[in-house]
Amino acid sequence: MNGQEASRELIWLNGRVLPLSEARVGVEDRGFQFADGVYEVVRIYNGRPFTLAQHLHRLERSSSGIKISLPMSKRELTRQIESLIVRSGLADAMVYIQVTRGEAGRNHQFPTCPPTLLFYVRSLPPATPADEAVSVKLKTVVDERWKRCWIKSIALLPNVLAKNEALSAGFDEAAFIDGENMLSECSASNLFAVVGRTLVTAAAGASVLPGITRQVLLEIASDAGIPVEEKPLSLGQAMESEEIFITSTTRELSWVSHWDTHRIARKCGPITRQLHEAYQARVLRETAKIRAAG
Ligand code: PDD
């Protein structure tokens, strides 16, 4: 990122727009003291947000899951976010959205203050074409998170510790298993395996975030006639599967080359490649369509 791009990184903070680097939130904001908030990460392609409606729908579910009512309608939020993206002028970027229970004297009891709402645009490198997609190495880590992973909570300490356990051992991402060796998802991505010709991923819920990339890929797979099953996989079943990949808004798809001590693949598998190409085609279609309409 060059200096010019950094200067375009803008934030909307409780109704004020300012350069991201100048934004400040008080030390008694409940996000800071209690991790009492939820968030979203939305990818911008061609200067347009991809699947913004789905992200805002999940934001609403997450915030109602922790009993915060969004201080703005989804329609108004969409308008404000789109206008901030246009003002930033950034083509390849992300929007980070966060809502916390607000700023009040420290007390576990819910305060009566208004929530803190912010969203900012940050520059990102352009997406890598599917035929140059990078591989990742997974390390298995025991899942010590709470049982409401469908809420996209800003309380990410177990995820942060798991990710860094993986990184410090020379891996790229942590794959969570429970006490019965069943897989859920990764520290910041969903996990898929191709078993035979069937695409398998754990159902969203207590231990799995309903990832937006995950949902788009399930739709793409069904449309392409690839059988899909949402069911838990054991670590052993995953290791024996044909292809493994992980997904998230910012990474799209990454194929798994190694898992713990096992070599999984030497190159990206055909179904992973097909799905990634179809995903990028959909991104292009949808971001171009909005641009033409707008
Ligand atoms: N993380 N699971 C977890 C635990 C995640 O944190 C994420 C995304 C995903 C993928 O969800 P989606 O496809 O909606 O991005 C799954 C974001 C990108 C982050 O924390 O930066």
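Residues numbered from 1 in each chain as written. Predicted model: local features only at pLDDT ≥ 70, side-chain atom pairs only at ≥ 80, totals over all residues. Heavy atoms only, no water.

Asker: Any details on empty space enclosed by the protein? Residues and values, ideally.
Answerer: Under the counting rule described, the total for this entry stands at two cavities of 30 Å³ or more. As a volume, the largest cavity reaches approximately 70 Å³. What lines the largest cavity is a set of 14 residues, among which L183, L191, T201, A202 and L233 lie closest to the centre. Broken down by secondary-structure element, the contributors of at least two residues to the lining of the largest cavity are strand 9 (183-186), strand 10 (190-195) and strand 11 (198-201). (1 Å grid on protein atoms, 1.4 Å probe; cavity = no way out; pocket = protein on both sides within 12 Å on 5 of 7 lines; lining within 4 Å. Points joined across faces, edges and corners; volume = space filled by probe spheres on them. Helix = DSSP H or I, 4+ residues; strand = E, 2+ residues; numbered from the N terminus.)

Asker: Hey, could you go over the nonpolar core for me, with residue numbers and the actual values?
Answerer: Ranked by size, the top nonpolar core spans 25 residues in total, and within it L59, L77, I81, V95, I97 and F119 carry the most contacts. Elements with a minimum of two residues in this core: strand 1 (10-13), strand 3 (37-45), helix 3 (52-65), helix 4 (74-88), strand 5 (93-100) and strand 6 (116-123). (Core = buried A, V, L, I, M, F, W, Y, C linked by side-chain atoms within 4.5 Å. Buried < 20%, exposed > 50% of the residue type's maximum accessible area, 1.4 Å probe, protein only.)

Asker: Tell me about the site of the ligand, and please be specific about residues and values.
Answerer: By nearness alone, 18 residues border the ligand, and Y39, E185, I212, T213 and T249 come closest of all. The contact in question runs from an oxygen atom of the ligand to an N or O atom on the side chain of Y39, over 2.7 Å. With respect to the ligand, the side chain of E185 contributes an N or O atom lying 2.7 Å from a nitrogen atom. The fraction of the free accessible surface of the ligand (470 Å²) that becomes covered by protein chains is 88%. (Near = heavy atom within 4 Å. Polar contact = N/O pair within 3.5 Å; in protein donor to acceptor, adjacent residues only side chain to side chain. Areas by Shrake-Rupley, 256 points an atom, 1.4 Å probe, with all protein chains shown as cover.)

Asker: Which residues make up the packing of aromatic side chains, and what values go with them?
Answerer: This model, assessed by the stated rule, comprises six aromatic pairs. Taking 4.8 Å as the distance between ring centres and 10° as the angle between the ring planes, the aromatic pair formed by W12 and F119 counts as stacked. Of the two residues, W12 is situated in strand 1 and F119 in strand 6; the sequence distance between them amounts to 107 residues. Here the two residues W12 and F119 agree in accessibility, since each one is buried. Relative to F50, the ring of Y45 lies with its centre 5.9 Å away and its plane at 85°, an arrangement referred to as edge-to-face. Judged by its relative accessible area of 6%, Y45 is buried. (Phe/Tyr/Trp six-rings, centres within 6.5 Å; stacked < 30°, edge-to-face > 60°.)

Asker: So what's going on with the pattern of salt bridges? Residues and values would help.
Answerer: For the coordinates displayed, the defined rule picks out 14 salt bridges. The closest approach of N and O atoms between R30 and D36, which form a salt bridge, is 2.8 Å. Accessibility expressed as a relative area gives 3% for R30, which makes it buried. Relative accessible area serves as the criterion here: at 9%, D36 is assigned to the buried category. Across the pair E60 and K74 runs a salt bridge, and its minimum N-O distance is 3.1 Å. Placement of E60 in helix 3 and of K74 in helix 4 is noted, with a sequence separation of 14 residues between them. (Salt bridge = Lys/Arg side-chain N within 4 Å of Asp/Glu carboxyl O.)

Asker: Before we move on, could you go through the confidence of the model for the protein chain and cite the residues and values that matter?
Answerer: Detailed reading of the predicted model is not advised wherever pLDDT is low. The predicted model of the protein chain has a mean per-residue pLDDT of 96, with 96% of residues at 70 or higher. Ranking the elements of the protein chain by mean pLDDT puts helix 1 (residues 3-7) last with 60 and strand 3 first with 99. (pLDDT = per-residue confidence, 0-100.)

Asker: Got a sec to walk through the sheet that holds strand 2 (residues 16-19)? Specific residues and values, please.
Answerer: Judged by pairing direction, the sheet is antiparallel, and its six strands sit side by side in the order 2-1-6-5-3-4 without closing on themselves. Looking at the sheet topology across the chains shown, the edges are occupied by strand 2 and strand 4 (48-49). Seen against the sheet, helix 3 touches strand 3, strand 4 and strand 5 and runs at an angle of roughly 175° to strand 3. Relative to the sheet, helix 4 contacts strand 1, strand 2, strand 3, strand 4, strand 5 and strand 6, its axis offset from that of strand 6 by approximately 35°. (Pairing = 2+ DSSP bridges. Contact = heavy atoms within 4.5 Å. Axes fitted to C-alpha atoms, helices over the stretch in contact; angles between N-to-C directions.)

Asker: A description of the packing of helix 3 against helix 4 should follow, citing residues and the corresponding values.
Answerer: Running from N to C, helix 3 and helix 4 cross one another at 130°; their axes reach a closest spacing of 11 Å. Compared by their axis directions, helix 3 and helix 4 come out oblique. Every pair of crossing elements has a handedness; the one defined by helix 3 and helix 4 is right-handed. Where helix 3 approaches helix 4, its residues L52, L56, H57, L59 and E60 are matched on the opposing element by K74, L77, T78, I81 and E82. Taken together, the residues of the contact of helix 3 with helix 4 sort by class into five nonpolar, two polar and three charged. (Parallel < 35°, antiparallel > 145°, perpendicular 65-115°, else oblique. Left-handed = near helix turned anticlockwise from the far one by under 90°. Nonpolar A, V, L, I, M, F, W, Y, C, P; charged D, E, K, R; others polar.)

Asker: Please provide a residue-by-residue account of the environment of S248, values included.
Answerer: Its place among the elements puts S248 in strand 13 (residues 243-248). Residue classification places S248 among the buried residues on the basis of a relative accessible area of 12%. Residue contacts for S248: discarding those within four places in its chain leaves A188, S189 and T213.

Asker: Go over the environment of S207, please, and point to the residues and values.
Answerer: Along the chain, the position of S207 falls in the loop between strand 11 and helix 6 (212-223). Residue S207 is classed as partly exposed on the basis of its relative accessible area of 27%. Sequence separation between S207 and E252 is 45 residues; the distance between their C-alpha atoms is 21 Å. Discounting residues that sit within four places of it in the chain, S207 has contacts with D143, R145, C149, S184 and E185.

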